Amino acid sequence: MKKALLITFGVLFSLSLVNAETYYTNDKNVEFSKDEYDFISNMYYEGYQNYMNQSDLDKIRELDLVNQPIEKVSTPDTMPILNSYEKGRYFYLDKACNTECLVVLTAKWTGTPTVASYDVIGARFDGVTTTSIGAAVVTGDNLDGNYITPKKSSNGFGYSVKIASVRNLMVTTSFYAKKTGSVYATYQHAMNTITEANSKNYTFSLGGFGGVFLFAGKAFDTYDRATGLDFNLNS
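Source: prediction; values computed, not measured.

### Regarding the packing of aromatic side chains
Within the structure shown, the criterion is met by 19 aromatic pairs. With centroids separated by 5.2 Å and ring planes inclined at 65°, the aromatic side chains of Tyr23 and Tyr37 adopt a geometry described as edge-to-face. Placement of the pair is Tyr23 in strand β1 (residues 22-25) and Tyr37 in helix α2 (residues 34-43), with a sequence separation of 14 residues. According to the relative accessible area criterion, Tyr23 is partly exposed, its value standing at 45%. Geometrically, the ring pair formed by Tyr202 and Phe215 is edge-to-face, given 5.7 Å between the ring centres and 75° between the ring planes. One end of the pair, Tyr202, is in strand β14 (residues 202-209); the other, Phe215, is in strand β15 (residues 213-215), and 13 residues separate them in sequence. Looking at Phe215, the relative accessible area reads 4%, which means it is buried. Positioned over the ring face of Tyr176 is Lys59, at 5.2 Å from the centre of the ring. Over the face of the ring belonging to Tyr202 we find Lys151, whose NZ or CZ atom lies 4.3 Å from the ring centre.

Encoded structure:
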């Protein structure tokens, strides 16, 4: 009996080693299992693994998020915008929760933007307690940008990111929060060129564009009033 138990334990231990086997290693020497790699691809997009450091992955492991369900909401292609000359894009809001929630915002362009200036991505909070806010990453053909200093207040955050007229353009950011309250998120595209300073002329308000950004000054007539998405973190 003891021998049989030892053999069974040995088989299970071997299987666990196989499941934890390194599937991918990025340039920062962060090692992902197959399940972790697939989780990142689903929450963000395939290739985002290259922007993660060890602490990013450790947080996901600490919360056991790989084994939690992912919930997604998204806008349709060709988001509602004021000027139809811009081609469409999707906007996604994803969450995976355990004792905390990881929430990811991603804008994926289906064409090439004709105006390359400062776009704004972010979220407004209602009863939400954030524990950390991640970087904003901008990628595309020959484009690779990383932003680590958001504009923050008690009820939201936003990043002004410089885009380019390139194909395969994607903009993403994320945050961790306690499982309380509601999140409202949006991605606003600049229809005319604007300075970085002017792009940050906003407050966070239900009456703002996408239910998030209440722009003022030059920014008010610059952004396309794209729709927003929302999640309740309690459910």
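### A short note on the pairing of strand β8 (residues 136-140)
Within β8, 5 of the 5 residues are buried, leaving the element largely enclosed by the surrounding structure. The pairing of β8 with strand β9 (residues 143-147) spans 5 bridges and is classified as antiparallel. Across the sheet, Thr139 pairs through a bridge with Asp144, a residue of β9. The sheet contact formed by β8 and strand β12 (residues 170-178) spans 3 bridges and is antiparallel. Residue Val137 lies in a different strand from β12, and its bridge partner there is Thr172.

### Re the state of the cysteines
Counted under the stated rule, the structure contains 1 disulfide. Between Cys97 and Cys101 runs a disulfide, and the two sulfur atoms are separated by 2.0 Å. On the S-S bond that ties Cys97 to Cys101, the torsion sits near 110°, and the link is right-handed. Overall, the relative accessible area of 15% leaves Cys97 in the buried class.

### Considering the nonpolar core
Phe91, Leu105, Ala123, Val171, Phe175 and Tyr187 are the most contacted members of the largest nonpolar core, which totals 30 residues. Elements supplying a minimum of two residues to this core: β4 (89-97), β5 (100-109), β6 (118-126), β8, β11 (156-162), β12, β13 (182-188) and β16 (228-232). With 5 residues, β5 is the single largest residue contributor to this core. Not counting residues within four places of it along the chain, the set of residues in contact with Ala123 comprises Leu105, Asn155, Gly156, Phe157, Phe175, Val183, Tyr184, Ala185, Phe204 and Val212.

### Notes on α2
Each full turn of the α-helix corresponds to 3.6 residues, which orients residues three or four apart in the same direction. Listed in full, the buried residues belonging to α2 are Glu36, Tyr37, Phe39, Ile40, Ser41 and Met43. Along its buried surface, α2 packs onto β1, β2 (31-33), α3 (54-62), β3 (70-74), β4 and β5.

### Concerning the pattern of salt bridges
As enumerated under the stated definition, the model contains 8 salt bridges in all. Its salt-bridge partner being Glu36, residue Arg61 comes within 2.7 Å of it at the nearest N-O pair. With a gap of 25 residues between them, Arg61 in helix α3 and Glu36 in helix α2 connect regions that are remote in the sequence. Residue classification places Arg61 among the partly exposed residues on the basis of a relative accessible area of 40%. Glu36 sits in the buried class, given a relative accessible area of 10%.

### Brief notes about α3
Among all positions of α3, only Leu57, Lys59 and Ile60 are buried. Considered in projection along α3, the buried side chains sweep an arc of 155° and stay on one side of the axis. Contact partners of the buried residues in α3: β2, α2, β5 and β12. Two residues or fewer after α3 comes Asp64, characterised by a positive phi angle close to 55°.

### Overview of unusual backbone geometry
Not every positive phi belongs to a glycine, and Asn29 is a case in point at roughly 65°. Overall, the relative accessible area of 61% leaves Asn29 in the exposed class. Unlike most non-glycine residues, Asn168 shows phi in positive territory, near 60°. With respect to the helices and strands, Asn168 occurs in the loop between β11 and β12. Residue Asn168 is classed as exposed on the basis of its relative accessible area of 52%.

The rules behind these values
- Residues numbered from 1 in each chain as written.
- Predicted model: local features only at pLDDT ≥ 70, side-chain atom pairs only at ≥ 80, totals over all residues.
- Heavy atoms only, no water.
- Phe/Tyr/Trp six-rings, centres within 6.5 Å; stacked < 30°, edge-to-face > 60°.
- Helix = DSSP H or I, 4+ residues; strand = E, 2+ residues; numbered from the N terminus.
- Buried < 20%, exposed > 50% of the residue type's maximum accessible area, 1.4 Å probe, protein only.
- Lys NZ or Arg CZ within 6 Å of the ring centre and 35° of its normal.
- Pairing = 2+ DSSP bridges.
- Disulfide = S-S within 2.5 Å.
- Core = buried A, V, L, I, M, F, W, Y, C linked by side-chain atoms within 4.5 Å.
- Contact = heavy atoms within 4.5 Å.
- Salt bridge = Lys/Arg side-chain N within 4 Å of Asp/Glu carboxyl O.
- Arc of directions from axis to C-beta.

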